[in-house]
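Residue-level structure breakdown
So the chains spell out like this:
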Amino acid sequence: MSKTSPGGEKLIAPNKNAHRLYELLERLEAGLALTGSEVKSLRAGKVSFKDGYVKFVGGEAWLIGVHIAEYENAGYSGHEPERQRKLLLHAAEIAHLRTKVEQKGLTVVPVRMYFKNGRIKIEIALARGKKVHDRRDDLKARDIDRETARELARA
């Protein structure tokens, strides 16, 4: 499941719904505060972004709703799959994102999770929710692109 990119990053999992449901405006890389069993589970690629988002509490950013499956061989020191995980960001980055979310009604969603130099990183994005007609327009554009590619391949 995981692939290595030219930049030395090894993809753990992408959030496929992020591009479909949101218009991604601004992207950031953040670290994650994890336990050992979570890291082992992520090495096996067992993560789901289903309802993931970022919440700001105090001066900290927390990743909510991301499911990291329990590691089978963890023994007594396992982890809770749906627990809140602290994002490791600079205070200025947290303040910037928090003001955008509070003022403009935007949200922060996880886009992908990957290994970078042996550390687990998560790419988060400031996002605006797409309306239903926007999603339909995206589907129409994709269908048109697919049809033109077929026609060019035949010619």
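Below, the structure is looked at part by part. None of the values given here were measured: they were computed from a predicted structure.

1. Thoughts on the pairing of strand 4 (residues 53-57)
Burial of strand 4 is one-sided: the residues Val54 and Phe56 facing one way are buried, the residues Tyr53, Lys55 and Val57 facing the other way are not. For strand 4 and strand 5 (residues 60-64), the ladder comprises five bridges, and the chain directions are antiparallel. Pairing of Lys55 across the sheet is with Trp62, part of strand 5. Taking the residues between adjacent antiparallel strands as the criterion, strand 4 and strand 5 are bridged by two residues, where Gly58 takes a positive phi near 65 degrees.

2. A few points about helix 2 (residues 36-43)
Those residues of helix 2 not exposed but buried are Ser37, Glu38, Ser41 and Leu42. One face of helix 2 carries all of its buried residues, which in axial projection span an arc of 140 degrees. Relative to its buried face, helix 2 has exposed residues pointing more than 90 degrees away, namely Gly36 and Arg43. Looking at the buried residues of helix 2, the elements they touch are strand 1 (9-14), strand 3 (47-48), strand 6 (67-68), strand 7 (85-88), strand 8 (107-116) and strand 9 (119-129).

3. Some words on the packing of aromatic side chains
A complete count under the given rule lists zero aromatic pairs for this structure. The ring of Tyr114 has Arg112 sitting right over it, with the charged end atom 4.2 Å from the ring centre.

4. With respect to the side chain of Glu38
As for its placement among the helices and strands, Glu38 is situated in helix 2. Side chain to side chain, Glu38 and Arg83 meet in a polar contact 2.8 Å long. Not counting chain neighbours up to four residues away, the residues in contact with Glu38 comprise Ala33, Ile68, His79, Glu80, Arg83 and Arg85.

5. Examining the sheet that holds strand 7
Here we have seven strands laid out as an open sheet, ordered 1-8-9-2-7-5-4, and antiparallel in their pairing. Lying at the two open borders of the sheet, with one neighbouring strand each, are strand 1 and strand 4. Across the sheet, the mean angle from the axis of one strand to that of its neighbour is 45 degrees, orientation sign disregarded. Bridging between strand 2 (residues 22-32) and strand 7 involves two bridges; their strand directions are antiparallel. Its bridge partner being in strand 7, Leu32 is matched across the sheet by Leu87. Sitting on the sheet, helix 2 is in contact with strand 1, strand 7, strand 8 and strand 9, with an inclination near 80 degrees to strand 8. Across the face of the sheet, helix 3 (residues 91-104) comes into contact with strand 2, strand 4, strand 5, strand 8 and strand 9 while running at roughly 105 degrees to strand 4.

Parameters and conventions
- Residues numbered from 1 in each chain as written.
- Predicted model: local features only at pLDDT ≥ 70, side-chain atom pairs only at ≥ 80, totals over all residues.
- Heavy atoms only, no water.
- Buried < 20%, exposed > 50% of the residue type's maximum accessible area, 1.4 Å probe, protein only.
- Helix = DSSP H or I, 4+ residues; strand = E, 2+ residues; numbered from the N terminus.
- Pairing = 2+ DSSP bridges.
- Arc of directions from axis to C-beta.
- Contact = heavy atoms within 4.5 Å.
- Phe/Tyr/Trp six-rings, centres within 6.5 Å; stacked < 30°, edge-to-face > 60°.
- Lys NZ or Arg CZ within 6 Å of the ring centre and 35° of its normal.
- Polar contact = N/O pair within 3.5 Å; in protein donor to acceptor, adjacent residues only side chain to side chain.
- Axes fitted to C-alpha atoms, helices over the stretch in contact; angles between N-to-C directions.

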